[in-house]
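What follows is each chain in one-letter form.
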Amino acid sequence: MPDATPTTDRSPLITLTGLWKRTDRNNQPFLAAQVGRLQILIFPNRRKATPDAPDYNLCVSQAPTTRATSSAPSTHTAPTADEELW
(Lines give C-alpha, C1' and ligand atoms only; values in the text may rest on other atoms or scores of the structure.)
Protein backbone atom coordinates (compact mmCIF):
# COMPACT_ATOMS: atom_id res chain seq x y z
CA MET A 1 0.00 0.00 0.00
CA PRO A 2 1.50 3.38 -0.95
CA ASP A 3 2.35 5.68 1.93
CA ALA A 4 -0.34 8.32 1.40
CA THR A 5 -1.19 8.56 5.09
CA PRO A 6 -1.54 12.20 6.18
CA THR A 7 -0.01 13.48 9.40
CA THR A 8 -1.30 15.90 11.98
CA ASP A 9 0.56 18.33 14.21
CA ARG A 10 0.16 15.96 17.16
CA SER A 11 1.03 12.55 15.74
CA PRO A 12 1.13 10.62 12.46
CA LEU A 13 -2.04 8.93 11.29
CA ILE A 14 -1.65 5.22 10.68
CA THR A 15 -3.68 3.54 7.95
CA LEU A 16 -5.20 0.37 9.39
CA THR A 17 -6.83 -0.84 6.19
CA GLY A 18 -8.60 0.26 3.07
CA LEU A 19 -12.39 0.15 2.81
CA TRP A 20 -14.44 -1.27 -0.02
CA LYS A 21 -17.81 0.14 -1.03
CA ARG A 22 -20.46 -2.59 -1.12
CA THR A 23 -24.24 -2.76 -1.34
CA ASP A 24 -26.48 -4.76 0.99
CA ARG A 25 -29.38 -6.95 -0.10
CA ASN A 26 -31.61 -3.85 -0.12
CA ASN A 27 -29.17 -2.16 -2.52
CA GLN A 28 -28.03 0.29 0.20
CA PRO A 29 -24.32 1.24 0.26
CA PHE A 30 -21.96 0.40 3.12
CA LEU A 31 -18.19 0.13 3.58
CA ALA A 32 -16.37 -3.10 4.42
CA ALA A 33 -12.89 -4.29 5.30
CA GLN A 34 -11.23 -7.30 6.82
CA VAL A 35 -8.46 -6.96 9.39
CA GLY A 36 -7.09 -10.28 10.52
CA ARG A 37 -10.01 -12.32 11.83
CA LEU A 38 -12.36 -9.33 12.05
CA GLN A 39 -14.73 -8.00 9.46
CA ILE A 40 -15.38 -4.26 9.76
CA LEU A 41 -18.63 -2.85 8.40
CA ILE A 42 -19.60 0.83 8.34
CA PHE A 43 -23.25 1.69 7.78
CA PRO A 44 -24.96 5.08 7.47
CA ASN A 45 -27.10 5.72 10.56
CA ARG A 46 -30.59 5.53 9.09
CA ARG A 47 -32.17 5.86 12.54
CA LYS A 48 -30.62 9.23 13.33
CA ALA A 49 -33.17 10.88 15.62
CA THR A 50 -31.25 13.99 16.72
CA PRO A 51 -28.58 16.19 15.13
CA ASP A 52 -25.98 15.04 17.66
CA ALA A 53 -26.54 11.33 16.89
CA PRO A 54 -23.71 9.67 14.93
CA ASP A 55 -23.84 9.80 11.15
CA TYR A 56 -22.39 6.29 10.73
CA ASN A 57 -22.23 3.07 12.76
CA LEU A 58 -19.05 0.98 12.84
CA CYS A 59 -19.82 -2.71 13.34
CA VAL A 60 -17.41 -5.60 13.86
CA SER A 61 -18.05 -9.28 13.31
CA GLN A 62 -16.01 -12.42 12.98
CA ALA A 63 -14.62 -12.71 9.47
CA PRO A 64 -15.81 -15.60 7.31
CA THR A 65 -13.69 -18.71 7.81
CA THR A 66 -12.94 -19.01 4.09
CA ARG A 67 -11.26 -16.04 2.49
CA ALA A 68 -10.80 -15.41 -1.19
CA THR A 69 -7.24 -15.04 -2.45
CA SER A 70 -8.00 -11.44 -3.37
CA SER A 71 -7.03 -8.61 -1.01
CA ALA A 72 -10.64 -7.38 -1.11
CA PRO A 73 -13.02 -8.45 1.65
CA SER A 74 -15.16 -11.52 1.22
CA THR A 75 -18.18 -11.11 -1.01
CA HIS A 76 -20.54 -12.99 1.32
CA THR A 77 -23.84 -11.29 2.04
CA ALA A 78 -23.50 -8.63 4.71
CA PRO A 79 -26.37 -7.82 7.03
CA THR A 80 -28.38 -4.72 6.34
CA ALA A 81 -27.91 -1.71 8.60
CA ASP A 82 -31.13 -2.58 10.43
CA GLU A 83 -30.20 -6.20 11.18
CA GLU A 84 -28.40 -7.43 14.26
CA LEU A 85 -24.83 -8.64 13.68
CA TRP A 86 -24.70 -11.00 16.60
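Anyway, here's the lowdown on the structure attached to this text. (Residues numbered from 1 in each chain as written. Predicted model: local features only at pLDDT ≥ 70, side-chain atom pairs only at ≥ 80, totals over all residues. Heavy atoms only, no water.)

### Digging into the overall build of the protein chain
In terms of regular secondary structure, the protein chain is built from 0 helices and 4 strands. Sequence-ordered secondary structure for the protein chain, helices as α and strands as β, is β-β-β-β. The long-range fraction of contacts in the protein chain, counting pairs at least 24 apart against all pairs at least 6 apart in sequence, stands at 36%. Only carbon and sulfur atoms are counted for the fraction: they give 52% of the accessible area of the protein chain, which is about 6,800 Å². (Helix = DSSP H or I, 4+ residues; strand = E, 2+ residues; numbered from the N terminus. Contact = heavy atoms within 4.5 Å. Areas by Shrake-Rupley, 256 points an atom, 1.4 Å probe, with all protein chains shown as cover.)

### Concerning the side chain of N45
Position of N45 among the secondary structure elements: in the loop between β3 (38–44) and β4 (56–62). Engagement of the side chain of N45 in a polar contact is seen with the backbone nitrogen of R47, the distance being 3.1 Å. When near neighbours in sequence (up to four residues on either side) are disregarded, N45 contacts A53, P54, D55, Y56 and N57. (Polar contact = N/O pair within 3.5 Å; in protein donor to acceptor, adjacent residues only side chain to side chain.)

### With respect to the pairing of strand β1 (residues 20–23)
Two strands pair when backbone bridges link them, and β1 and strand β2 (residues 29–35) are joined in this way by 4 bridges, in the antiparallel orientation. Following the sheet pairing, K21 is matched in β2 by L31. Counting the residues between successive antiparallel strands, the hairpin from β1 to β2 contains 5 residues, one of them, N27, with a positive phi of roughly 65°. (Pairing = 2+ DSSP bridges.)

### Points about the pattern of salt bridges
Applying the stated criterion across every chain yields a total of 1 salt bridge. For D55, the salt bridge goes to K48, with nearest N and O atoms at 2.3 Å. A relative accessible area of 34% places K48 in the partly exposed class. (Salt bridge = Lys/Arg side-chain N within 4 Å of Asp/Glu carboxyl O. Buried < 20%, exposed > 50% of the residue type's maximum accessible area, 1.4 Å probe, protein only.)

Note that every value here comes from positions in space, so none of it alone points to a role or purpose.
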